Amino acid sequence: MNQIQTPDRRRVSILGATGSIGCNTLDVMTHLGGRDAFEVPAITGMGNIDLLAQQARGIGAGFAVTADPDRYQDLKSALSGSGVEAGAGPSALVEAGARDTDLLVAGIVGIAGLAPTLAAVSSGADIALANKECLVSAGELFGAAMAAGGGKLLPVDSEHNAIFQVLEQNQRHAVERIILTASGGPFRDYTLEQMAAVTPETAAAHPNWSMGLKISIDSASMFNKALEMIEARHLFDMRPEQIEVIVHPQSVIHSMVGYSDGSVLAQLGAPDMRTAIGYAISHPRRASLPVERLDLAKLARLDFIAPDETRFPALALARTAMQRGGLQGAVLNGAKEAALDAFICGRIGFLDMADIVAAAMDQLDDGRLPQAIEDVYAADRDARMVAGTLISKLAQCS
């Protein structure tokens, strides 16, 4: 057991503990000493009450919250006798985020993670960020809040974590570009005709990573990479034209930074979320993690392919959102979420998602800058409403 050698246990709260990020975070924490090395002020989940209660008991959490306001009694009963306080609903999520902690792992998927993460930011906690919407939908607001709170922002997405590791802080003036790698998903070799016929089940079968349903489908459409492009702009203060995407099927190089002297620095590793999570939890140290070690001779080759934006238009939409600015990131994300749900339910086709997002972005391009979190929520609602109308029209025609 490789315990963190510190005088006191490190306090780590986890938003979205029952998802893939949360489960892998708890696995890393267990490997690094568990309850002997960590105190967990708060832990949250959604509908999997049994798992949430099991996690809270196992790690000795102080406060466990389900995002579902109707499941409070279920969670309270599941925690009976454990000494863990129970909570439910959006306000309890914000309370969980605001609990005094050293590091908050922001693993809630979607815009629901924005308010509780901002609560932790305001308290001065370091943020291990896996929630894309904090920066995609509210990048300027989130950045200002981080500056005011004084905590460190540690990216957990493997691509952004890779950039964070190889971006030399004393050489920021020499950075020319950042290169996000993408596996290409299960459809990287499909024709447009083949992509038009795919189902949610085939879209969810990621070739390299084990992820949730929605994230896997986002990867298959490259909307996941589109969101990462917008995130990268805010995380690393890049201009849109400095952010590139390259398809790398092996998912071994997680991303790269290109410098003005022609050097390109890359971070390599097996495709395992625990590497980035462990780096964020242990920063600025590196801990020994139970992940596969690369055998470069066995790997033998690394392939790179330019992305086809005709088949994967989400990348161009991200560039448009960055160039337009304002609330276009929130609109892109909200419309994408609505379109994704409609695809999963079988109401629209795989390729319809990008068309719906593009139409919503055009319709809601008013140039407004967000002044408060309410502006972000309003843009998200408007985007979902516009997308819903477009989805209904498409569903009637099919």
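Reading the values: the criteria
- Residues numbered from 1 in each chain as written.
- Predicted model: local features only at pLDDT ≥ 70, side-chain atom pairs only at ≥ 80, totals over all residues.
- Heavy atoms only, no water.
- Helix = DSSP H or I, 4+ residues; strand = E, 2+ residues; numbered from the N terminus.
- Buried < 20%, exposed > 50% of the residue type's maximum accessible area, 1.4 Å probe, protein only.
- Polar contact = N/O pair within 3.5 Å; in protein donor to acceptor, adjacent residues only side chain to side chain.
- Contact = heavy atoms within 4.5 Å.
- Salt bridge = Lys/Arg side-chain N within 4 Å of Asp/Glu carboxyl O.
- Expected span 1.5 Å × (residues − 1).
- Phe/Tyr/Trp six-rings, centres within 6.5 Å; stacked < 30°, edge-to-face > 60°.

Describe the side chain of glutamate 159, and please don't skip the residues or the numbers.
Mapped onto the elements of the fold, glutamate 159 is located in helix 8 (residues 158–166). Here glutamate 159 falls in the buried class, since its relative accessible area comes to 11%. In terms of polar contacts, glutamate 159 uses its side chain to reach the side chain of lysine 225, at 2.9 Å. Filtering out sequence-adjacent residues up to four positions away, glutamate 159 remains in contact with Leu180, Thr181, Lys225, Glu228, His254 and Ser255.

Give me the pattern of salt bridges: which residues, what numbers.
Counted by the stated rule, this structure contains 26 salt bridges. Note that glutamate 95 is salt-bridged to arginine 99, the shortest N-O span being 2.8 Å. Exposure remark for arginine 99: the relative accessible area of 23% places this residue in the partly exposed category. Note that glutamate 244 and arginine 177 form a salt bridge whose closest N and O atoms lie 3.1 Å from each other. A residue pair is termed long-range when its members are at least 10 positions apart, and glutamate 244 in strand 10 (residues 243–247) and arginine 177 in strand 9 (residues 175–182) qualify at 67 residues. One network of salt bridges, with partners in common, ties together Lys132, Asp157, Glu159, Lys225, Glu228 and Glu231.

Lay out helix 16 (residues 328–344) with the relevant residues and their values.
The terminal C-alpha atoms of helix 16, which comprises 17 residues, lie 24 Å apart, in line with the 24 Å expected from a rise of 1.5 Å per residue. Glycine 346 lies just past helix 16 and shows a positive phi near 80°.

Lay out the packing of aromatic side chains with the relevant residues and their values.
Throughout the structure, instances matching the rule amount to four aromatic pairs. Ring geometry for phenylalanine 164 and tyrosine 279: centres 6.3 Å apart, planes at 80°, overall edge-to-face. Here the residue phenylalanine 164 occupies a position in helix 8, and tyrosine 279 occupies one in helix 13 (residues 273–282), the gap between them amounting to 115 residues. Between the aromatic rings of phenylalanine 187 and phenylalanine 350, the centroid separation amounts to 5.4 Å while the plane-to-plane angle is 80°, which identifies the pairing as edge-to-face. Pair noted here: phenylalanine 187 is in the loop between strand 9 and helix 9 (192–196) and phenylalanine 350 is in the loop between helix 16 and helix 17 (352–363), with a separation of 163 residues, a long-range link. Per residue, the accessibility class of phenylalanine 187 equals that of phenylalanine 350, and both read buried.

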